[in-house]
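# An overview of the molecular structure
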Amino acid sequence: LCLLAIDLLFGLLHFLLLTDLLSSASFSLESDRGYPESYQYMKILLAVGLLAAVFRKTRMPAYAIWSLLFFYLLIDDAFSIHETFGAHAAAAFGYMPALGLRAQDFGELTVSALSGALFLLPLAFFYSRGTDADRAASRHLLLLLLALAFFGIFVDMLHVAIDAGWKVQFLLGALEDGGEMVTMSIMAWYAFLLYENDGNTRGYFSGAALAAQEQAA
């Protein structure tokens, strides 16, 4: 709730930029090295450390790979890896603009797909050899990763492809970056949950729901 509350605060400050109450671009969700992006880096780094700690506790390789995957997301965000190599991929494969997207956008998709496969293939291997608790954790993390990809890739491409007024572009930008922030907050919380429960969250949600029902009764 604390993480989401800060996300909400940054979202409100982002929309205040439309008024005369706030003028600094550092509060924009879309600003490189702005306050929201710096906060996002802190959450990703938190998830990296917690998942590495879970690996140290459980010695299950999947958590080490998840930690490395989140570290890659941090490096990619900070140094624009997929944008840089996306331009090279577009030139190498001879991509052409289509569907309102630039050749570079297709290059970025290629880089994202290849880097994703680099982590997901070993995760699939260790998934088949993990415990029920480890497999459940990987499924949850994968769903959150897909949510992150929805905002970071699909909404981002929609942002580029749609030729609309600045208001629509502003809203799409807020949806893209705001959605990524909320998803990353949930990921950081879930990584903390895994750390607290030694990698086993299978009974947590049903147990928490049961406790809430008993308290209400």
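Now for a description of the structure that goes with this document. (Residues numbered from 1 in each chain as written. Predicted model: local features only at pLDDT ≥ 70, side-chain atom pairs only at ≥ 80, totals over all residues. Heavy atoms only, no water.)

Counted at 1.5 Å a residue, the expected span for helix 2 (residues 35-58) with its 24 residues is 34 Å, and the 35 Å between its end C-alpha atoms agrees. Every buried residue of helix 2 is accounted for by Pro36, Glu37, Tyr39, Gln40, Tyr41, Lys43, Ile44, Ala47, Val48, Leu50, Leu51 and Val54. Taken together, the buried residues of helix 2 touch helix 1 (2-16), helix 3 (61-79), helix 6 (132-161) and helix 7 (166-196). A positive backbone phi angle near 60 degrees is found at Arg59, which sits one or two residues after helix 2. (Helix = DSSP H or I, 4+ residues; strand = E, 2+ residues; numbered from the N terminus. Expected span 1.5 Å × (residues − 1). Buried < 20%, exposed > 50% of the residue type's maximum accessible area, 1.4 Å probe, protein only. Contact = heavy atoms within 4.5 Å.)

Grouped together as the largest cluster of nonpolar side chains are 32 residues, with contacts concentrated most on Leu51, Trp66, Phe70 and Leu194. Listed by contribution, the elements that provide at least two residues to this core are helix 2, helix 3, helix 5 (103-127), helix 6 and helix 7. For this core, the element with the highest residue contribution is helix 3, accounting for 10 residues. Other than its neighbours up to four places away in sequence, Leu194 contacts Leu51, Val54, Tyr63, Ala137, Leu141, Gly199 and Thr201. Leu13, Leu22, Leu29 and Tyr39 belong to the second-largest nonpolar core, a separate cluster that totals 6 residues. (Core = buried A, V, L, I, M, F, W, Y, C linked by side-chain atoms within 4.5 Å.)

Within this structure, the stated rule accounts for 11 aromatic pairs. Considering the side-chain rings of Phe150 and Phe154, the 5.3 Å spacing of their centres and the 20 degrees angle between planes classify their relative orientation as stacked. Here the residue Phe150 and the residue Phe154 both occupy positions in helix 6, the gap between them amounting to 4 residues, near one helical turn. Residue class for Phe150 comes out partly exposed when judged on its relative accessible area of 40%. Through successive ring pairs, a cluster of aromatic residues spans Phe93, Tyr95 and Phe106. (Phe/Tyr/Trp six-rings, centres within 6.5 Å; stacked < 30°, edge-to-face > 60°.)

A few words now on a nonpolar patch on the surface. Together, Leu1, Leu4, Val182, Ile186 and Trp189 make up a nonpolar patch on the protein surface, roughly 480 Å² of accessible area in all. Of the residues forming the nonpolar patch, the biggest block, 3 residues, is contributed by helix 7. Summarising the element assignment, Trp189 is placed in helix 7. (Patch = residues over 30% accessible without salt bridge, like charges linked within 9 Å, V, L, I, M, F, W, Y side chains within 5 Å. Areas by Shrake-Rupley, 256 points an atom, 1.4 Å probe, with all protein chains shown as cover. Salt bridge = Lys/Arg side-chain N within 4 Å of Asp/Glu carboxyl O.)

If you add up the space inside the largest pocket, you get close to 1,200 Å³. Lining the largest pocket are 42 residues, and of these Asp76, Asp77, His82, Gly152 and Glu180 sit closest to its centre. Those elements that provide at least two residues to the lining of the largest pocket are helix 2, helix 3, helix 4 (81-93), helix 5, helix 6 and helix 7. For the lining of the largest pocket, the element with the highest residue contribution is helix 6, accounting for 11 residues. Of the residues in the lining of the largest pocket, the class split is 19 nonpolar, 9 polar and 14 charged. (1 Å grid on protein atoms, 1.4 Å probe; cavity = no way out; pocket = protein on both sides within 12 Å on 5 of 7 lines; lining within 4 Å. Points joined across faces, edges and corners; volume = space filled by probe spheres on them. Nonpolar A, V, L, I, M, F, W, Y, C, P; charged D, E, K, R; others polar.)

Functional significance is not addressed by these values, which are geometric in nature.
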